[in-house]
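Listed below, chain by chain, are the residues.
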2 protein chains.
Amino acid sequence: MTDKITLAHGAGGEQMDSFIKKIILKHLSQNIKNVEIPLSMLDDSSVIDDIVFSTDSHTVQPLFFPGGDIGSLSVAGTINDISVMGAKPIALSSGFIIEEGFSFDLIDKIVKSMATSAKQAKVPIITGDTKVVEHGAIQELMMNTSGIGKRTKVLDENIKTVKRYRTFSQRWLLDSNLQPGDAIILSGTIGDHGIALMSYREGYGFETKVKSDVAPLNHLIESTLKVGGVVAAKDPTRGGLANTVNEFSEKSNYQIILEEEKIPISKGVHAACDMLGLDPFHIGNEGKVVLGVVKEKAEEILAEMKKHPLGKKASIIGTVGDKKGYVVMQTKIGGRCIISKPIGDPIPRIC
Amino acid sequence: MTDKITLAHGAGGEQMDSFIKKIILKHLSQNIKNVEIPLSMLDDSSVIDDIVFSTDSHTVQPLFFPGGDIGSLSVAGTINDISVMGAKPIALSSGFIIEEGFSFDLIDKIVKSMATSAKQAKVPIITGDTKVVEHGAIQELMMNTSGIGKRTKVLDENIKTVKRYRTFSQRWLLDSNLQPGDAIILSGTIGDHGIALMSYREGYGFETKVKSDVAPLNHLIESTLKVGGVVAAKDPTRGGLANTVNEFSEKSNYQIILEEEKIPISKGVHAACDMLGLDPFHIGNEGKVVLGVVKEKAEEILAEMKKHPLGKKASIIGTVGDKKGYVVMQTKIGGRCIISKPIGDPIPRIC
């Protein structure tokens, strides 16, 4: 590890992992009795006294992009981090840091966009903070959204369903909950957010076809909990699908076997990745969820997801193996390859 | 209002007020039935389902200053915003935005300082997020801390005590709770944080005498609730004591009468303000609280505060009058002057 922070330390891959463990957890891991899901589990949110609590800072550039803006992104991001724990998000905060000289019209547009997303998700923004810094101290505007969520009967019922099919001692959807035989479901195409951002930024032209998938997933995830049998959930943001399935595999301590031909990728993303030499598995998404579910309920959950506008292209993309180890993928041409976590970030500043 | 954001829009005074009302509240005010204390009340925190929720972004420069650093500041700031609602803070989040090239040693120091403050306050940091942006996109490091707090029996008992002395229908300590005859108590000297920062930054030399007062006040505030009779509380951060008492006065709709000679100011702050032409009433504090209490309990609360290390210089600084109107101050030489909210910020980037 060098003695300076690099972009890779914030990129959601292996270097970030190491940074978080060496600096953040070293000081902040405490054994507090009523913290049920602590920071050290490095899941999407933490849980204390049955309150799910999550935070996310947003540094996306440009602030407005095809399919969304920093406002919709921040609302969706925090709602999704709470929802993937199985909780119902009930309130958000917003903290702005704004560069002196920034336009009133643009901040108005951003706040309006936050309000629209929050209304769509039915989660109010109830508290906020605004700081203004001098010209040059920050690039335009960066922000933080934190959120709180609560346990619901829907989650309790889902947990009961899981127990009907296999041993299950957890109360929340955790990355570490997977067991051999569980199915992995992805809610739709991957790579759209990162490719839309990069393409728009660099003027590649793919942005006419590819739009960010930014969306709050609380209602989609809740609909799967109503079916029952969901054991784990994660939104494949920084580090992409590759990072998400590796987190599942590492924390559950089982191999995950993906099938390449089952993973939905749009033509535009495919073309952009081909041209730019990018791996769509490493690219961040902002409106997708990856579920681990008991195999007996997989088809029923899939059918339910396909009814929802945000889950139309959902697909069962793999299963949990019974050995310890890596994430492997059966390729379209019949081979097998290892899917590892990205080291750095192929496209910075997308969230 | 101009069409560009200026530093004054984040300074905690009148321009910020107007900005928040015109942009933030316009879009984000929603009537959600279980939001007991909504954003639109512009109190220190909001309340939903008996959960107190607050957020604060931190842009202080320099990151390390006499008496503290951005880590201790962020922890104390959020704990204090929750505590002044009368709630017990139970958990914090931390969200970092770091400039590429920032030193590992310094981030280690900052996180360690957060851990120390969190342990002192007995409030764990349970969730976090880290973003790294390219060199020049942010000045060194900025961060957000959000926090959640819960209702306790101590608050319930305090509310009952208030009701013994006068009509009181609220469940929380709110800026709008003051009534004629209530006493205003300040927990200690004002101006220390802002003067320490400015003096250190500009090399004036006062920093040898003046240190930031940054401190988590949850235990001090809890001790006053145990005495009973507390109706309102606020930490005089951005905008200083002048802003705090004006918020009390505006929201409660009563005059507040302060006594100049009762307001504690250290010699160092006094000297610095004299030399620099600053008004200590406008300077931000990070370890002080202003209470509104029923007059019958004022002396007892004051005595209790003086027992606490953070309340040794506490003082009854004024009373709530029975007319609508301004904050007025009886000066040492026998005159009266109006204390108004600061327009801009005499010392930027102190929090």
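Being a predicted model, the structure only gives us computed values, none of them experimental. (Residues numbered from 1 in each chain as written. Chains lettered and ligands numbered in written order. Predicted model: local features only at pLDDT ≥ 70, side-chain atom pairs only at ≥ 80, totals over all residues. Heavy atoms only, no water.)

**Observations regarding the overall build of chain A**
The condition is simple: Helix and strand labels come from DSSP, where a helix needs a run of H or I of at least four residues and a strand needs a run of E of at least two; each type is numbered from the N terminus. When we talk radius of gyration, it's over C-alpha atoms, and the globule rule is simply 2.2 Å times the number of residues to the 0.38. Throughout this description, buried means an accessible area under 20% of the type-specific maximum (1.4 Å probe, protein chains only), exposed means over 50%, and partly exposed covers the range between. By the convention used here, residues are in contact when the closest approach between their heavy atoms is within 4.5 Å. Note on areas: these come from Shrake-Rupley sampling with a 1.4 Å probe, and a residue is covered only by the protein chains present in the view. His residues and chain termini do not enter the charge count, which takes Lys and Arg as positive and Asp and Glu as negative. Charge placement uses NZ in Lys and CZ in Arg. For Asp and Glu, CG and CD serve respectively.
For chain A, the count of helices and strands is 9 helices and 15 strands. For 351 residues, the compact-globule formula gives about 20 Å, and the C-alpha radius of gyration of chain A, at 19 Å, lands near that figure. If you line up chain A on its principal axes, its C-alpha atoms span 60 × 50 × 45 Å. The buried share of chain A, taken over its 351 residues, is 64%. Relative to all contacts within chain A whose residues are 6 or more apart in sequence, the contacts with residues 24 or more apart total 80%. A total of about 12700 Å² of accessible surface is found on chain A, and carbon and sulfur atoms cover 50% of it. Positive and negative side-chain charges of chain A, numbering 41 and 42 respectively, have mean locations separated by a distance of 5 Å.

**Some thoughts on the nonpolar core**
Nonpolar side chains in soluble globular proteins tend to end up buried together. What counts here: Here, the term nonpolar core denotes a set of buried Ala, Val, Leu, Ile, Met, Phe, Trp, Tyr and Cys residues that are joined through side-chain atoms within 4.5 Å. A domain assignment, automatic or from a database, supplies the domain bounds used here.
Ranked by size, the top nonpolar core spans 54 residues in total, and within it Leu 241, Leu 258, Ile 263, Phe 281, Val 289 and Leu 291 of chain B carry the most contacts. Two domains each provide a minimum of three residues to this core, namely domain 1 (29-150) and domain 2 (153-338) of chain B. Filtering out sequence-adjacent residues up to four positions away, Leu 258 of chain B remains in contact with Val 245, Ile 263, Phe 281, Ile 317, Gly 318, Val 327, Val 328, Met 329 and Gln 330 of chain B. Counting 53 residues, the second-largest nonpolar core is a separate cluster that includes Met 85, Phe 168, Leu 220 and Met 329 of chain A.

**Overview of the relation of the copies chain B and chain A**
What counts here: The copies are overlaid by a least-squares fit using only the C-alpha atoms of residues whose pLDDT is at least 70 in both copies.
When chain B is fitted onto chain A, the two copies agree to an RMSD of 0.0 Å after a turn of 180 degrees and an axial shift of 0.0 Å. Taken together, the rotation and translation describe the operation of a two-fold axis. Of the C-alpha atoms belonging to chain B, the one lying closest to the rotation axis is found on Ile 138 of chain B, 2.2 Å away. An overlap of 100% is found between the interface residues of chain B and their copies at the interface of chain A, pointing to a shared contact surface.

**Comments concerning the packing of helix H3 (residues 104-121) of chain A against helix H1 (residues 14-28) of chain B**
Short version of the rule: A fitted line through C-alpha atoms represents every axis, and for helices the fit uses only the stretch in contact; the resulting angles, taken between N-to-C directions, go from 0 to 180 degrees. Throughout this description, any angle smaller than 35 degrees is read as roughly parallel, any larger than 145 degrees as roughly antiparallel, any in the 65 to 115 degree range as roughly perpendicular, and the remainder as oblique. For any pair of crossing helices, the crossing counts as left-handed if the nearer helix is rotated counterclockwise from the farther one by less than a right angle, and right-handed if it is rotated clockwise. Asp, Glu, Lys and Arg are counted as charged, while Ala, Val, Leu, Ile, Met, Phe, Trp, Tyr, Cys and Pro are counted as nonpolar; the rest, among them Gly, fall into the polar class.
Across the interface, H3 of chain A lies against H1 of chain B with an axial gap of 8 Å and an inter-helix angle of 30 degrees. One finds that H3 of chain A runs roughly parallel with respect to H1 of chain B. As H3 of chain A packs across H1 of chain B, the resulting crossing turns out to be right-handed. On H1 of chain B, the residues that touch Phe 104, Ile 107, Asp 108, Val 111, Lys 112, Met 114 and Ala 115 of chain A of H3 of chain A are Phe 19, Ile 23, Ile 24, Lys 26, His 27 and Leu 28 of chain B. Tallied by class, the residues present in the contact of H3 of chain A with H1 of chain B amount to 9 nonpolar, 1 polar and 3 charged.

**Focus on the domain arrangement of chain A**
All names here are of chain A. Under the convention used in this document: Once two parts are joined, some of their accessible surface, as seen by a 1.4 Å probe, is lost; buried area is that loss totalled over both. The salt bridge criterion pairs a side-chain nitrogen of Lys or Arg with a carboxyl oxygen of Asp or Glu, the two atoms within 4 Å. Pairing of N or O atoms within 3.5 Å defines a polar contact, subject to two protein rules: one partner must be a possible hydrogen donor and the other a possible acceptor, and residues neighboring in sequence count only if both atoms are side-chain atoms.
Its domain assignment divides chain A into domain 1 (29-150) and domain 2 (153-338). With centres defined by C-alpha atoms, the gap from domain 1 to domain 2 works out at 22 Å. Summing the contributions of domain 1 and of domain 2, the shared interface buries around 2600 Å²; its carbon and sulfur component is 59%. The largest per-residue losses of area from domain 1 upon contact with domain 2 belong to Pro 66, Asn 80 and Val 84, which jointly make up 22% of the total buried on that side. If you look at where domain 1 meets domain 2, you find 3 salt bridges. Two residues, Arg 171 and Asp 50, come together in a salt bridge whose shortest N-O distance is 3.0 Å. In this assembly, domain 1 and domain 2 are joined by 15 residue pairs in polar contact (both at pLDDT 80 or more). Of the residues forming the side of domain 1 that touches domain 2, the biggest block, 8 residues, is contributed by helix H2 (residues 70-83). A breakdown of the residues in the side of domain 1 that touches domain 2 according to their chemical character gives 19 nonpolar, 10 polar and 6 charged.

**Here we look at unusual backbone geometry**
The bulk of non-glycine residues show a negative phi, and the bulk of peptide bonds are trans. That bond from Gln 61 of chain A to Pro 62 of chain A is cis: its omega, -5 degrees, falls within 30 degrees of zero. Here Pro 62 of chain A is to be found in the loop between strand E3 (51-58) and strand E4 (64-65). The backbone phi angle of Glu 140 of chain A is positive, close to 60 degrees, even though this residue is not glycine. With respect to the helices and strands, Glu 140 of chain A occurs in the loop between strand E7 (125-133) and strand E8 (141-150). One non-glycine residue, Asn 253 of chain B, lies in the positive phi region at around 70 degrees. With respect to the helices and strands, the residue Asn 253 of chain B is situated in the loop between helix H7 (240-252) and strand E11 (256-259).

**Things to note about helix H1 (residues 14-28) of chain A**
Condition: Helices are assigned an expected span. That span is 1.5 Å times one less than the residue count. Here the bend at a residue is taken as the angle between two axes, fitted respectively to the seven residues that end there and the seven that start there.
Over its 15 residues, H1 of chain A extends 20 Å from the first C-alpha to the last, a length consistent with the 21 Å expected when each residue adds 1.5 Å. In the structure, H1 of chain A departs most strongly from a straight axis at Ile 20 of chain A, where the bend amounts to approximately 30 degrees. When H1 of chain A is considered as a whole, its buried residues turn out to be Met 16, Asp 17, Phe 19, Ile 20, Ile 23, Ile 24, Leu 25, His 27 and Leu 28 of chain A. Considering only its buried residues, H1 of chain A is in contact with helix H7 (240-252) of chain A together with strand E6 (88-99), helix H3 (104-121) and strand E7 (125-133) of chain B.

**A look at the environment of Gly 181 of chain A**
Residue and element names in this part refer to chain A. As for its placement among the helices and strands, Gly 181 is situated in the loop between helix H4 (153-165) and strand E9 (183-186). On a C-alpha basis, the gap between Gly 181 and Ile 125 in space is 40 Å, while along the polypeptide they are 56 residues apart. Filtering out sequence-adjacent residues up to four positions away, Gly 181 remains in contact with Lys 295 and Val 320.

**Brief notes about the sheet that holds strand E10 (residues 230-234) of chain B**
Residue and element names in this part refer to chain B. Stated precisely, the cut-off is as follows: Each pair of strands is called paired provided DSSP finds at least two bridges between the two strands.
Pairing within the open sheet is mixed, and its 7 strands lie in the order E10-E12-E9-E13-E11-E14-E15. Since the sheet does not close on itself, it has two edges, and those belong to E10 and strand E15 (336-339), each with one partner. Taking the axes of each pair of neighbouring strands and ignoring which way they run, one obtains an average angle of 25 degrees across the sheet.

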